[in-house]
Amino acid sequence: DAGVTQSPTHLIKTRGQQVTLRCSPKSGHDTVSWYQQALGQGPQFIFQYYEEEERQRGNFPDRFSGHQFPNYSSELNVNALLLGDSALYLCASSSPGAGGYTEAFFGQGTRLTVV
Amino acid sequence: LAKTTQPISMDSYEGQEVNITCSHNNIATNDYITWYQQFPSQGPRFIIQGYKTKVTNEVASLFIPADRKSSTLSLPRVSLSDTAVYYCLVGDLRGNMLTFGGGTRLMVKP
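Residues numbered from 1 in each chain as written. Chains lettered and ligands numbered in written order. Predicted model: local features only at pLDDT ≥ 70, side-chain atom pairs only at ≥ 80, totals over all residues. Heavy atoms only, no water.

### Considering the packing of aromatic side chains
For step 1, the next point in the chain: Following the criterion strictly, the structure yields 11 aromatic pairs over all chains and no others.
For step 2, the next point in the chain: Plain terms: the ring middles of B:Tyr87 and B:Phe100 are 5.2 Å apart, the flat faces sit at 90° to each other, and that makes the pair edge-to-face. With B:Tyr87 in strand 8 (residues 84-91) and B:Phe100 in the loop between strand 8 and strand 9 (104-109), this residue pair connects regions lying 13 residues apart in the sequence. One exposure class covers both B:Tyr87 and B:Phe100, and it is buried.
For step 3, the next point in the chain: Clustering of aromatic rings is evident, with ring pairs tying together A:Tyr35, A:Phe45, A:Phe106, B:Tyr36, B:Phe46, B:Tyr87 and B:Phe100. (Phe/Tyr/Trp six-rings, centres within 6.5 Å; stacked < 30°, edge-to-face > 60°. Helix = DSSP H or I, 4+ residues; strand = E, 2+ residues; numbered from the N terminus. Buried < 20%, exposed > 50% of the residue type's maximum accessible area, 1.4 Å probe, protein only.)

The structure is reproduced here in structure tokens:
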């Protein structure tokens, strides 16, 4: 059973460009959350997708957008990249259940460097 | 969301028991306490979760006093491979919109 898979693992972009990161959730999970982790800091919640809709959003600008597909996989898009967007981007999947959400499983992340 | 406070770093030696305490004075009645472990360049990994008293699994124990304003993660007989950042989270059950603080960097020495 594959866990959460993210692609690509590493990416270098130039300021002002746009980037798309991809995530496939763990089998059986239908909820995908994205996090940004700057060097030396804890992950920060960006947004969460469920049933192909953004359900919750953290304190991130509209340059950050996403999408969830019918197979529950998800994309994170960042427009007009800034140097400060350089970070490890983590995808986590989970699933609501009778006793509350299942634990979140994280992928290995995508290391984005903006130059 | 309840804010958590935990030590920035801790050092230990192989074979010792390590206790990491987290303060969460504003924890809400329906909040759970969850601990995650993260190795460099990897995603966080769920360790343990509890609501009150004591929870134990194959990896760790979690002690929560009656007032729930703090919690202690206990790692028995640590090894070098336990060197990682440990995050204490308070809030919704497990997988929903996790709020991470700065974490505790545990360094296990030989």
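Now that the structure is up, let's keep going.
### A short note on the sheet that holds strand 1 (residues 5-7) of chain A
All names here are of chain A.
For step 1, the next point in the chain: What the 4 strands build is an open sheet, ordered 1-3-8-7; its pairing is antiparallel. The two strands at the open ends of the sheet, each matched to only one other strand, are strand 1 and strand 7 (64-68). The average undirected angle you get between the axes of adjacent strands in this sheet is 20°.
For step 2, the next point in the chain: Pairing between strand 3 (residues 19-24) and strand 8 (residues 74-78): 5 bridges, direction antiparallel. Within strand 8, the residue paired with Leu21 across the bridge is Leu76. (Pairing = 2+ DSSP bridges. Axes fitted to C-alpha atoms, helices over the stretch in contact; angles between N-to-C directions.)

### So, the side chain of A:Gln37
For step 1, the next point in the chain: Within the secondary structure, A:Gln37 sits in strand 4 (residues 31-37).
For step 2, the next point in the chain: Residue class for A:Gln37 comes out buried when judged on its relative accessible area of 8%.
For step 3, the next point in the chain: In terms of polar contacts, A:Gln37 uses its side chain to reach the side chain of B:Gln38, at 2.7 Å.
For step 4, the next point in the chain: Here the side chain of A:Gln37 touches B:Tyr87 through a polar contact of 3.2 Å, side chain to side chain.
For step 5, the next point in the chain: If we ignore the near neighbours within four places in the chain, the residues touching A:Gln37 are A:Gly42, A:Pro43, A:Ala87, A:Leu88, A:Leu90, B:Gln38 and B:Tyr87. (Polar contact = N/O pair within 3.5 Å; in protein donor to acceptor, adjacent residues only side chain to side chain. Contact = heavy atoms within 4.5 Å.)

### Points about the pattern of salt bridges
Residues and elements named next belong to chain A.
For step 1, the next point in the chain: The tally for this structure, following the rule as stated, stands at 4 salt bridges over all chains.
For step 2, the next point in the chain: Residue Asp85 pairs with Arg63 through a salt bridge whose shortest N-O separation is 2.9 Å. Of this pair, Asp85 sits in the loop between strand 8 and strand 9 (87-94) while Arg63 sits in the loop between strand 6 (53-57) and strand 7, placing them 22 residues apart in sequence.
For step 3, the next point in the chain: By relative accessible area, Asp85 is classed as buried at 4%. (Salt bridge = Lys/Arg side-chain N within 4 Å of Asp/Glu carboxyl O.)

### A short note on the pairing of strand 9 of chain A
Residues and elements named next belong to chain A.
For step 1, the next point in the chain: For strand 9, a buried count of 8 out of 8 residues is recorded, marking the element as mostly surrounded by other parts of the structure.
For step 2, the next point in the chain: Where strand 4 and strand 9 come together, 7 bridges link them in antiparallel fashion. Bridge pairing in strand 9 places Thr31 opposite Ser94.
For step 3, the next point in the chain: Here strand 9 pairs with strand 11 (residues 110-114) via 3 bridges, running antiparallel. Its bridge partner lying in strand 11, Ala87 is registered against Leu112.
For step 4, the next point in the chain: Judged from the 2 bridges that link them, strand 9 and strand 10 (residues 105-106) form a sheet pairing that is antiparallel. Note that in strand 10 the partner of Ala92 across the bridge is Phe106.

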